[in-house]
Structures are given as structure tokens and as C-alpha cells.
Amino acid sequence: MTETLPTYPMSRAQDRPFDPPPPLREAESVSRVRIWNGETPWLVTGYETQRSVLADQRFSADALKPGFPHQSASSAQRRRDSRPFIVLDDPEHARLRKMLTRNFMIKRIDALRPRVQQIADELIDALLAGPKPADLVRAFALPVPSLVICELLGVPYADHEFFQACSRKLISRESSVDETLAASDELRSYLKDLVAVKQQAPTEDMLGSLVAGQLAAGELTVDEVVDMGVLMLIAGHETTANMIGLGTLALLRHPDQLAALRDTPDPALIANAVEELLRYLTIVHSGRRRVATEDVEVGGQLVRAGEGIILANDAGNRDAGAFPDPDRLDIRRQARHHVAFGYGVHQCLGQPLARMELQVVYGTLYRRIPALRLAVPFEEVEFKHDMIVYGVHALPVTW
């Protein structure tokens, strides 16, 4: 029976790179799939069923529990050495997450908006003054969130090439176990040294606050601070950078939507566009992973204790029951209820920061460079099919 199961993750159609893979769209709301190690976890594609599972604490995010459906051999091995709070369950998950929550409160994020606007404008100035064509990923999409998360964390931006290289190896589906562990060790060693510096010379950034507060009080170990730093550093630049690059390409392919966004003075429409692009693209395209801790019925199927379950959020965000005409990009759509950031207690902690950065970028880039266009045929753009976070490797543009 299992020999006929589809393999997950599935391949996208070459002519529809913004859409989830056709076999994923055609799958039942709850069905079995085969993953890299031969295990056959459940795959959930329906929007409401995904939200139900993500809100149900009978499904564990603990990556060390038997039956957890790891993304790869590298991922499985890495989780034995590194335990960020996103792969822990409450109460430990809640305890660690709470230590960072205040950094992402709406009021604090809003106070950062002028600085993010300044960063975006300075990078656009440099882009306009430089040669054409230019790679928008290297010149703009990657530096914006990298600069922001470095300032928030207290990581020197001068080291960005190092941590970006480590990050690429950690989120690549093609990295070997040895390559992944080496990149993880390098990044952890770098951050451990940075923590030691901050212990000697306190700083007011996020890492500095953890060092002077929870680490000094014995509420965190050095390894736990490092785990938090690795998570924030990678998630803080990879996801937003890919949304900038891929979102720009999607808009260039939908000129009516690009024109509406470029010409609007309405911040509410810009915010709407961010939510719709998050829904439409869903760059975390390898599924959110859980394992059942007891027998639970999910969408009419009995998921037994110890069985893995994968929530395909890219399919959920194209569910017609939640989003009418889901394959249409419509920046006026009310899409904030999407699951691009997950759902439940483990939903993305940094989503207020990501939203604000994208609002600044989408509200600035196309207004300041109204003639922005691809510098190569669309067919030559290389998509990140090989990465856990989807996007484009480069985006050659001119104006």
C-alpha cells in the first residue's frame, strides 16, 4: 500500500512557480505521504484542519519525540545538538518564548519603522546610483532585513557574509549532514563568542538584554542564549529577504496589482498587500511538522499516538473555502487570517517585525523606482526549489 504513496515535499510545476505543487493541491485534506527516510506521516492540506491541529496541544512540536517527521537527515541530527524554543512544547516553550516577546510588541516595532525606512531609502539611493542591471536580492532584498536584525540582536553587520553563508547551508535541502552540522557549529561558536563579549561589556540590544538579565540570573544557559540567537538571526533575515525578492517578482508578473500598490497613498492598502502576498506565496513551503502524543481524529482520519503530521501551509493558503478564487493575486483581499506565520502558540514570534519591514519595502521600492522591471526573461529566473524557504536566488532588474 505504502509503495504507491506520493513523496513529500512535491515538485512545483515549472510554468507556475508561484503556485503550490499540483499533486499537493489535488491531495485529500488529510492523507498519507512518504518522506525522505521512508516514514509515512499524515499530510494536511485543508485550511481549517491545519488551524485545528496547530491549536491542539495533543500534537507536539518536540523534534526529539519518536515519530516526529523531520525534514531531512541533517535536520534530525541537528535537533540533537540545538534546541530552540520553536521545537519545544509548553511549558518550556512558553517560558523561553516569553523572554523575547517584549522585543516584538507592536509599540516597540512601530518605533523601529523610521529606522527601517531610512535603511530602505539608503539602499535604494545606492541602487539608483549604481550600475544597471542590478541584482535586487544582493543589493536590496537581503541587506534590508539583515541590517535590521543585526541592529536588534546586537550582531555586527560587518559579519553578514559569514552568517548568511552559514544560513544558506542550514536551510538548503541539498546540504549533507556534515555540511549542516559544520555550519551550525560555526554559527553557534560565533554567537557564543559574542555572548562572552557582551558578558564583559553589556549592551542594550536583544542579546545583550538576555545576557545581562536572564543569563546573569541563572534563568538561561549560554547554550540557550545561543539557540535563541541562531533562531532570530536566521529567521530574521531569510524569510523577509525572500518575501521581498519573490514578492517583487510576483508583482512584476501582475502589473495591475503592482500599479495599484505603487500609486496608493493609503497605508491600509499597503498593509493589505503584505498580507495577500504572504498568503499567495507562502515561502515556508516544506510544511510545519508535528507528532501526535495520543490518538486524535483529524479530518475524519484517526491519527495514532507517535504518528507524524505535516501541515502544508502553502496548500492551506490556497484553500477556496478560506480564500475565494485563491489562485488570484488581489492586494485588496482581506487575507490576514492566512497561515503563512503558522497558528496557535507556536506561530511566528517575529511576525510584527516582518509585517512592518514588508510594509516599508512594498510602500517604498516601487514608488521610488516606478520603471522597475526584469532585466532577463522570466524563464531565466532561478527559483529556490532547493531551499526550505522559497524565493529566488537572484533577481536581475533594471529601470
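Residues numbered from 1 in each chain as written. Predicted model: local features only at pLDDT ≥ 70, side-chain atom pairs only at ≥ 80, totals over all residues. Heavy atoms only, no water.

Q: Would you explain the overall build of the protein chain in this entry?
A: Check the secondary structure of the protein chain and you find 15 helices and 10 strands. The C-alpha atoms of the protein chain give a radius of gyration of 21 Å, which matches the 21 Å a tight globule of 399 residues would have. For the protein chain, the C-alpha atoms occupy an extent of roughly 60 × 55 × 40 Å along the three principal directions. The buried share among the 399 residues of the protein chain stands at 56%. (Helix = DSSP H or I, 4+ residues; strand = E, 2+ residues; numbered from the N terminus. Rg over C-alpha atoms; globule rule 2.2 N^0.38 Å. Buried < 20%, exposed > 50% of the residue type's maximum accessible area, 1.4 Å probe, protein only.)

Q: It is not clear to me how the environment of Glu-224 should be interpreted in this structure. Could you clarify?
A: Tracing the backbone through its elements, the reader meets Glu-224 in helix H11 (residues 222-252). As for Glu-224 and Arg-83, which are separated by 141 residues in sequence, their C-alpha atoms are 7.8 Å apart.

Q: Mind showing me how you'd approach the packing of aromatic side chains here?
A: Aromatic ring pairs are reported here in terms of the distance separating the ring centres and the angle at which the planes meet. Applying the stated criterion across every chain, the model contains 8 aromatic pairs. A ring pair is formed by Phe-18 and Phe-378, whose centres lie 6.1 Å apart and whose planes are at 40°; its orientation type is tilted. In this pair, Phe-18 is assigned in the segment before helix H1 (22-26) and Phe-378 in the loop between strand E9 (373-374) and strand E10 (396-398), connecting sequence segments 360 residues apart. Among the residues examined, Phe-18 registers a relative accessible area of 7% and is labelled buried. Overall, Phe-378 belongs to the buried group, its relative accessible area being 12%. Consider the rings of Phe-18 and Phe-383, whose centres lie 6.2 Å apart with planes at 85°: the pair is edge-to-face. Of the two residues, Phe-18 sits in the segment before H1 while Phe-383 sits in the loop between E9 and E10, which places them 365 residues apart along the sequence. (Phe/Tyr/Trp six-rings, centres within 6.5 Å; stacked < 30°, edge-to-face > 60°.)

Q: Any chance you could explain helix H4 (residues 92-101) here in plain terms?
A: Count 3.6 residues to each turn of an α-helix, and residues three or four apart come out pointing the same way. His-93, Leu-96, Arg-97, Met-99 and Leu-100 are the residues of H4 that are buried. Viewed end-on, H4 has its buried residues packed into an arc of 145°, placing them on one side of the element. (Arc of directions from axis to C-beta.)

Q: In this structure, what is going on with the nonpolar core? I would like to understand it.
A: Side chains of a nonpolar character, in soluble globular proteins, are inclined to be buried together. Counting residues in each nonpolar core, the largest one holds 96 residues, and the members touching the most others are Phe-140 and Leu-187. For this core, the leading source of residues is H11, giving 15 residues. For Leu-187, the residues in contact, after removing those within four places along its chain, are Phe-162, Phe-163, Cys-166, Leu-170, Val-230, Leu-233 and Ile-234. (Core = buried A, V, L, I, M, F, W, Y, C linked by side-chain atoms within 4.5 Å. Contact = heavy atoms within 4.5 Å.)

Q: What is the right way to read empty space enclosed by the protein from this model?
A: Leftover empty space is mapped by rolling, across the atoms, a probe with the size of a water molecule. One pass over the full model with this rule turns up 2 cavities of 30 Å³ or more. Roughly 40 Å³ of volume is contained in the second largest cavity. Considering the residues around the second largest cavity, the lining is formed by Arg-83, Pro-84, Phe-85, Leu-96, Glu-224, Asp-227 and Met-228. Per-element tally for the lining of the second largest cavity: the top contributor is H11, with 3 residues. Tallied by class, the residues present in the lining of the second largest cavity amount to 4 nonpolar, no polar and 3 charged. (1 Å grid on protein atoms, 1.4 Å probe; cavity = no way out; pocket = protein on both sides within 12 Å on 5 of 7 lines; lining within 4 Å. Points joined across faces, edges and corners; volume = space filled by probe spheres on them. Nonpolar A, V, L, I, M, F, W, Y, C, P; charged D, E, K, R; others polar.)

Q: It is not clear to me how the sheet that holds strand E3 (residues 59-60) should be interpreted in this structure. Could you clarify?
A: In a beta sheet, neighbouring strands pair by backbone hydrogen bonds and run either parallel or antiparallel. Spatially, 5 strands are ordered E1-E2-E8-E5-E3 in an open sheet, and the strand pairing comes out mixed. Of all strands in the sheet, those with a lone pairing partner are strand E1 (30-32) and E3, marking the two edges. Across 3 bridges, the pairing between strand E2 (residues 42-44) and strand E8 (residues 308-311) is parallel. If you follow Val-44 over to E8, its bridge partner there is Leu-311. Contacts from helix H2 (residues 47-54) reach E1, E2, E3, strand E5 (288-292) and E8, with the element oriented near 125° to E8. (Pairing = 2+ DSSP bridges. Axes fitted to C-alpha atoms, helices over the stretch in contact; angles between N-to-C directions.)

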